[in-house]
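Residue-level structural notes
Listed here are the chains, written in short residue letters.
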Amino acid sequence: MTGSRPASHFQRLYQANPDPWGFNTSRYERAKYRQTLDALGDRRFSAGLEVGCSIGILTRMLAPQCDSLLGIDIVEDPLSAARSRCADQPQVRFEQMQVPGQWPGGRFDLIVFSEVLYFLSAADIATCARHVLHCLMPGGAVVLVNWLGQTDDPSPSDAAPDRFVEQTKTALRVTRQERHRRYRLDLLGSAEAAPG
């Protein structure tokens, strides 16, 4: 597959199962979320963005570290569950938008792509990278989490994070990288940020 997965692909998945990846029940997902939060440490963020937030489980976990947090997803189907899950977090909001053709306004000091980049083509990953470089605040953090299994998605395994890192290398550096049996986590920071 060369083009990005269309919205209709995800609409079909959510219509068949409101939690198609088992976010609520999967031990794999829980462990991955713990590692994502661990990578961020106890740092506080003024404005977070989660691309591909789905039903909002990771969003809910990120919320206490963010003064404001926007979760976006390609389809509306999962966002009602996400809104319910985060109803007690007034700093969190959700919008339906299809990246990279749509991208939120504003600037962010945390941008999370958790298991979403591999659904995008190389060209769309490059466009996402340009958006990130434009809207990431100095000293901001970008988290990439990608499943390492082989699929027929446009950018499987290491291809997605490698493409993103290559497209942002003039302004961002990888400050932490972890390879687990089933996924890879990359934490990127702006090059002018002091090592932390």
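Just so you know, these numbers come straight off a predicted model, no measurement behind them. Residue numbering note: each chain is counted from 1, following its sequence as written. Selection of residues for local features in this predicted model requires a pLDDT of at least 70, selection of side-chain atom pairs for listing and counting requires 80 or more, and totals for whole chains, interfaces and linings are taken over all residues. Hydrogen atoms and water are omitted, and side-chain values are computed over all heavy atoms in the structure.

Comments concerning the pairing of strand 7 (residues 183-190)
Note on classification: 1.4 Å probe, protein chains only; a residue is buried when its accessible area is under 20% of the maximum for its type, exposed when over 50%, partly exposed between these limits. Put simply, DSSP H or I for four residues or longer makes a helix, DSSP E for two residues or longer makes a strand, and each gets a number counted from the N terminus. The element strand 7 is extensively covered by neighbouring structure, given that 8 of its 8 residues are classed as buried. With burial as the criterion, each face of strand 7 is covered, one bearing Y183, L185, L187 and G189 and the other bearing R184, D186, L188 and S190. At least two bridges found by DSSP between two strands are what make those strands a pair. Two elements, strand 5 (residues 136-147) and strand 7, share 7 bridges in a ladder whose sense is antiparallel. Paired with W147 across the two strands is Y183, which belongs to strand 7.

Re the nonpolar core
Grouping buried Ala, Val, Leu, Ile, Met, Phe, Trp, Tyr and Cys residues that are joined through side-chain atoms within 4.5 Å yields what is termed a nonpolar core. Ranked by size, the top nonpolar core spans 33 residues in total, and within it W103, I111, F113, V132, V142 and F164 carry the most contacts. Contributions of two or more residues to this core are made by helix 1 (7-16), strand 1 (48-51), strand 2 (69-73), strand 4 (108-114), helix 5 (122-135), strand 5 and helix 6 (159-168). In terms of residue count, the dominant contributor to this core is helix 5 (5 residues). Dropping the residues within four chain positions of it, V132 is found in contact with W103, I111, F113, V142, F164 and L172. Here a residue-residue contact requires only that any non-hydrogen atoms of the pair lie within 4.5 Å.

A look at the packing of helix 5 against helix 6
Between helix 5 and helix 6, the shortest axis-to-axis distance is 9 Å and the interhelical angle comes to 45°. Viewed along their axes, helix 5 and helix 6 adopt a mutual orientation that is oblique. Relative to helix 6, helix 5 is oriented so that their crossing is right-handed. The segment helix 5 lies against helix 6, with A122, I125, A126, C128, A129, V132 and L133 engaging A160, R163, F164, Q167 and T168. Ten residue types, Ala, Val, Leu, Ile, Met, Phe, Trp, Tyr, Cys and Pro, are classed as nonpolar, four, Asp, Glu, Lys and Arg, as charged, and the remainder, Gly among them, as polar. Looking at the contact of helix 5 with helix 6 residue by residue, the class counts come to 9 nonpolar, 2 polar and 1 charged. A fitted line through C-alpha atoms represents every axis, and for helices the fit uses only the stretch in contact; the resulting angles, taken between N-to-C directions, go from 0 to 180 degrees. Roughly parallel covers angles under 35 degrees, roughly antiparallel covers those over 145, roughly perpendicular covers 65 to 115, and oblique covers all other angles. Two helices cross in a left-handed way if the nearer one is turned anticlockwise from the farther one by less than a right angle. They cross in a right-handed way if the turn is clockwise.

What about unusual backbone geometry?
Between V99 and the following residue, P100, the backbone shows a cis peptide bond with an omega angle of 5°. As for its position among the elements, P100 is in the loop between strand 3 (92-96) and strand 4. Positive phi outside glycine occurs at S54, with the angle close to 55°. Looking at the secondary structure, you find S54 in the loop between strand 1 and helix 3 (57-62). Of note in the backbone geometry, E115 takes a positive phi value of approximately 55° without being a glycine. Structurally, E115 can be placed in the loop between strand 4 and helix 5. Among the residues examined, E115 registers a relative accessible area of 12% and is labelled buried.

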